[in-house]
Structure formats: structure tokens, C-alpha cells
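Results of the structural survey
Read off the chains here:
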Amino acid sequence: MILVTGGAGFIGSNFVLDWLAQCDEPVLNLDALTYAGNLRNLASLQGDGRHVFVHGDIGDRALVERLLAEHRPRAIVHFAAESHVDRSIHGPAAFVKTNVEGTFALLEAARGHWGTLDGDARSSFRFLHVSTDEVYGSLGPRDAAFTEEHAYRPNSPYSASKAASDHLVRAWHHTYGLPVVTTNCSNNYGPYQFPEKLIPLMIVNALAGQPLPVYGDGMQVRDWLYVGDHCSGIRAVLERGRIGETYNIGGWNEKPNRDIVATICALLDELRPDPAGPHARLVTHVSDRPGHDRRYAIDARKIERELGWRPAETFDSGIRKTLRWYLDHPQWVAEVRSGAYRDWLATNYARR
Ligand code: NAD
Ligand code: TYD
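Below: a short report on this structure. As the structure is a computational prediction, the values presented were derived from the model and not from experiment.

The next point concerns the site of ligand 2. Close contacts around ligand 2 come from 19 residues, with Glu134, Arg222, Arg289, His292 and Tyr349 the closest. Here an oxygen atom of ligand 2 sits 2.9 Å away from a polar atom, N or O, in the main chain of Tyr215. Asn257 places a side-chain nitrogen or oxygen 2.9 Å from an oxygen atom of ligand 2. Contact with the protein chains removes 98% of the 520 Å² of surface that ligand 2 exposes when unbound. Contributions of two or more residues to the shell around ligand 2 are made by α3 (85-90), α7 (198-207) and β8 (212-215). Examining the composition of the shell around ligand 2, we find that three residues originate from one element, β8, more than from any other. Grouping the constituent residues of the shell around ligand 2 by class yields eight nonpolar, five polar and six charged.

Attention now goes to the pattern of salt bridges. For the structure shown, the criterion picks out 21 salt bridges. When the shortest N-O distance is used, the salt bridge between Arg40 and Glu335 registers 2.7 Å. Here the residue Arg40 occupies a position in the loop between β2 (27-31) and β3 (51-55), and Glu335 occupies one in helix α12 (residues 330-336), the gap between them amounting to 295 residues. Sharing partners across several salt bridges, the network here consists of Arg242, Glu245, Lys302 and Glu306.

This next bit is on the site of ligand 1. Near ligand 1 lie 29 residues; those nearest to it are Ile11, Asp31, Ser83, Tyr158 and Lys162. At 3.0 Å from a nitrogen atom of ligand 1 is found a main-chain nitrogen or oxygen belonging to Ile58. Within the side chain of Lys162, a nitrogen or oxygen atom sits 2.6 Å from an oxygen atom of ligand 1. Within the complex, the protein chains bury 97% of what would otherwise be the 840 Å² of accessible surface of ligand 1. When residues of the shell around ligand 1 are assigned to their parent elements, the largest contribution, three residues, is made by strand β5 (residues 126-132). Here the shell around ligand 1 is composed, by residue class, of 13 nonpolar, 12 polar and four charged.

This part takes up the packing of helix α1 (residues 10-22) against helix α8 (residues 227-240). The N-to-C vectors of α1 and α8 enclose an angle of 65°; their axes lie 9 Å apart at closest approach. Classified by the angle between their axes, α1 and α8 sit roughly perpendicular to one another. Classified by chirality, the crossing of α8 by α1 is right-handed. Residue-level inspection shows Phe10, Ile11, Asn14, Phe15, Asp18, Trp19 and Gln22 of α1 in contact with α8, the latter providing Val227, Gly228, His230, Cys231, Ile234, Arg235 and Leu238. Tallied by class, residues from the contact of α1 with α8 come to eight nonpolar, four polar and two charged.

A few words now on the packing of aromatic side chains. Evaluation of the coordinates by the stated rule reveals 17 aromatic pairs. Through a chain of ring-to-ring contacts, the aromatic side chains of Tyr136, Phe146, Tyr152 and Tyr296 assemble into a single cluster. Its end group placed over the ring of Tyr35, Arg87 keeps NZ or CZ at 3.5 Å from the ring centre. For the cation-ring pair, Arg122 lies above Trp114, with the distance from its terminal atom to the ring centre recorded as 3.9 Å.

An α-helical turn contains 3.6 residues, so a residue and the one three or four places further along point in the same direction. Among all positions in helix α2 (residues 61-71), only Leu63, Val64, Leu67 and Leu68 are buried. All buried residues of α2 project into a common sector of 130° when viewed along the axis, lining one side. α2 presents Ala62, Ala69 and Glu70 as exposed residues on the side facing more than 90 degrees away from its buried surface. Backbone geometry just downstream of α2 places Arg72 in the positive-phi region, at approximately 45°.

Between its first and last C-alpha, α8 extends 20 Å over 14 residues, near the 20 Å set by a 1.5 Å rise per residue. Burial of α8 is extensive: 10 of the 14 residues sit out of reach of the surface. Those residues of α8 not exposed but buried are Val227, Asp229, His230, Cys231, Gly233, Ile234, Arg235, Ala236, Val237 and Leu238.

Criteria and cut-off values
- The residue numbers shown here count from 1 along each chain, following its written sequence.
- Labels are handed out in written order, letters beginning with A for the chains and numbers beginning with 1 for the ligands.
- Totals for whole chains, interfaces and linings use all residues, but because this is a predicted model, local features are given only for residues with pLDDT of at least 70 and pairs of side-chain atoms are given and counted only at 80 or more.
- The side-chain quantities take in all heavy atoms of the structure and omit both hydrogens and water.
- For this purpose, a residue is taken to be near a molecule or strand whenever a single non-hydrogen atom of the residue falls within 4 Å of it.
- The term polar contact refers here to a pair of N or O atoms within 3.5 Å; inside protein, the definition further demands a hydrogen-donor-capable atom paired with an acceptor-capable atom, and it admits residues adjacent in sequence only when both atoms are side-chain atoms.
- Reported accessibility uses the Shrake-Rupley method at a 1.4 Å probe radius. Residues are deemed covered only where the shown protein chains occlude them.
- Helix and strand assignments follow DSSP, with helices taken as H or I runs no shorter than four residues and strands as E runs no shorter than two, numbered in order from the N terminus.
- Throughout this entry, Asp, Glu, Lys and Arg are counted as charged residues, while Ala, Val, Leu, Ile, Met, Phe, Trp, Tyr, Cys and Pro are counted as nonpolar. The remaining residues, Gly among them, count as polar.
- The rule for a salt bridge is simple: a side-chain nitrogen of Lys or Arg has to be within 4 Å of a carboxyl oxygen of Asp or Glu.
- The angle between two axes is taken between their N-to-C directions and runs from 0 to 180 degrees, where each axis is a line fitted to C-alpha atoms and a helix contributes only its stretch in contact.
- Roughly parallel here means an angle under 35 degrees, roughly antiparallel means over 145, roughly perpendicular means 65 to 115, and every remaining angle is called oblique.
- Each crossing gets its handedness from the near helix: less than a right angle anticlockwise from the far helix is left-handed, clockwise is right-handed.
- The contact criterion used is simple: two residues touch if any of their non-hydrogen atoms lie within 4.5 Å.
- In this scheme Phe, Tyr and Trp rings, the latter by its six-membered ring, pair at centre separations within 6.5 Å, and the angle between planes marks the pair as stacked below 30 degrees, edge-to-face above 60, and tilted otherwise.
- Placement of a charge over a ring requires the Lys NZ or Arg CZ to be within 6 Å of the ring centre, with the centre-to-atom vector within 35 degrees of the ring normal.
- Only protein chains enter the accessibility calculation, which uses a 1.4 Å probe; a residue is then buried when its area is under 20% of its type maximum, exposed when over 50%, and partly exposed in between.
- Regarding the arc, it is the one traced by the directions from the helix axis to the C-beta atoms.
- Each residue after the first adds 1.5 Å to the expected span of a helix.

Written out as C-alpha cells, the structure is:
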């Protein structure tokens, strides 16, 4: 089996669902169920013996060591993290705790487990660390896209904590020989994404007739990748990636935020017209994010050259699928919009 951390979050739950749709190898899913973890994402796996869910923290060494000894996974795919830049600005401590200390604890437990393996089990074991392009910092409009050789220049508490975790993973390979691979991916979108990130927030607010808050001039550029493509990229790296290497994963799809919001509004006008008028009427410019990175762009040629991976979705096909999913799952949306999520909206947008 494989151990997946953070498998109740956005990308982790997509990964677990895709994995079990494609093979029968069981998944041990360790997730602390923070505000971002949602077992509803995995409801279709209820009663499926291939999925074992454990409610727990990656920083709990005793728990992780027990799980590794008991289940003896052949790989760890590490998604668990605090993942939202705006939250990291309001409260960085949780990011250091989970992303840095949590990854450290997991690496130590993995090292102990790997040390007990021999033969094929030892040589085929992998620790796959899921990271972000944000560790490379911000690009100017004409700068070349991030390659795996780009210097680390993280600018937010989130990206700094992810950069720190990448460095720990690298060092655990270099010093202890732990067989690691790291992926650095661009912005994901798709089903089950918590509506605090740009795309799901815009969809959910537009459907509710609420303001669509665009930070600053809205000309910040991100590279957008459909989550299913990220999952297939991770599978490729897990199967065929070279130990100790890092792989950038991206969608070849750079867009300014304003265009993303305009596209969502236009598609919703087509799929779910609002009698009150075009959805773009809801766009509101609010004050910028402190330290806001201007541009991210991924050069994903290494993973294509070495592992034959390319994204299957275009932005047009991916965003249509995503909108369809949100329109078809009003219950999921209603549930995540209650409770903790409402408190967050008050914290982040009240004084903007
Ligand atoms: P998410 O916030 O939706 O999910 C994170 C999950 O981790 C949640 O289920 C949460 O409960 C769990 N978790 C948090 N702290 C934990 C802890 N201490 N122990 C165990 N579980 C814990 O995040 P996501 O968007 O799915 O991102 C997953 C990973 O991918 C992260 O490492 C993130 O840095 C990386 N990543 C995300 C994106 C993106 O666009 N979302 C892009 C590139 C990389
Ligand atoms: P986000 O989805 O938070 O991802 P990240 O900051 O990790 O790239 O934001 C994507 C872009 O959208 C980023 O430039 C910030 C911007 N943004 C807004 O303009 N308004 C919003 O309400 C949010 C959440 C993000």
C-alpha cells in the first residue's frame, strides 16, 4: 500500500480518488482534518476496503511510526500542509508547525521505517514530497519560466515554509540516502477545492450573487493546471522519477487573475444565467495582498522529457469541467460555506 498524507484536502482527495479508480493498491490516508480537510470529498469510498482513513497529525511521531510499522507502505506521498497564502499572512505559526516541523517529523519517521527495510522493499521505497512553484519567488513580465535550477526566493510565510520543507527533504536524501522525489507544481483548480482560493471563491460567490474580490490591479499572473493533471504528474514521478530529483509540473497556461475572473463570469452567464445581469457586474477591486508575487510561470520540459508527462486538459476544457462540478454539487458547496469558512471571510475581507 501507499501512505498519503493530507488525502482529505483538495489535491490529496483528487489523488486518492484517481489512484483507486486506476488500480487496486490500497491507500492509507493520514489527515488531521483541519478546516481544509473534508471527508465528504471521499464519500464515494465509503465501505471500500482499499481506503483506510486515519485521523491524525503528521507531526505525531508516535502515531506515524506505529502506522508505518503496522502497514509497511512502499511509498509516502506527502500532501499535508497549510496551503493558503492569505492565511499564512494572518497566522504564519500554523505554517511553520505543519509544513516545516510536520515534514521534519514525517521525514524522521520515514527514515526509521526505511532503515528496517531490505532488498527490493528498501530499493523501491519512495518519499514523494508535493511542493509548489511559489518557492521560486516572483518573475518579471519577460523573465524565463521557472526551471528546476531556479534559485529559491520565497516571499510569503506559506512559500517560505514550503521552501524550508523542500530543503529538509533534499537534505534527508543527501545526508541519509532517503529515496526522495520532489514535485513543484503551479496553481491547481478543479473539483473539491475549498472556496478560499481564487477559482472556487469566484465560482461560489458568483453563484451566490456576492462580490468577486480582485486584489490590486488583477494583473498578477499564475500558471493554472487542472488537478487531475497534477495527480497524473505525481503518479509519473512516483513510478519513474529519478531519486533525489525535483520535477516542475505546470499547465503551460499563464493567465492574469482578471482574465480568470472574466472567463468564469462569461461561462456562468452561459451555463447559469443570472436574471439580475451579467456575473461580471459583481467584480470588486479590493486592496492588494501584502508582498503579492506578480508572476509565476513553470517550465515543465524536464518532466515531459524524462517521464513523458504533459497535461491532458487545456484551460478551456478544465475550467468547464470545474464549473460543471460546482454547479452539480450544491450540497458540497453549502456545507463548506458554513462554520469556519464564514469566520475566515470576515477575517480576510472585512477591512479590504
Ligand atoms: P488543502 O489545504 O486543500 O489540503 C491540505 C490537507 O492537509 C487538508 O486535508 C488538511 O486537513 C491536511 N493537513 C493539514 N495539516 C495537517 C497535519 N498537521 N497533519 C495531517 N494533515 C494535515 O491543500 P491542497 O491545495 O490540496 O495542497 C496539497 C499540497 O499540494 C500542499 O502541500 C500544497 O503546498 C501543494 N500544492 C498546492 C497547490 C494548489 O494550487 N492548491 C499547488 C502546488 C502545490
Ligand atoms: P490563490 O488562489 O490564493 O493562490 P496563490 O496565491 O497561491 O497563487 O490566489 C491566486 C491569485 O488570485 C493570486 O494572485 C491572488 C489572487 N486573488 C484575488 O485576486 N482575490 C481573491 O479573493 C483571492 C483568494 C486571490
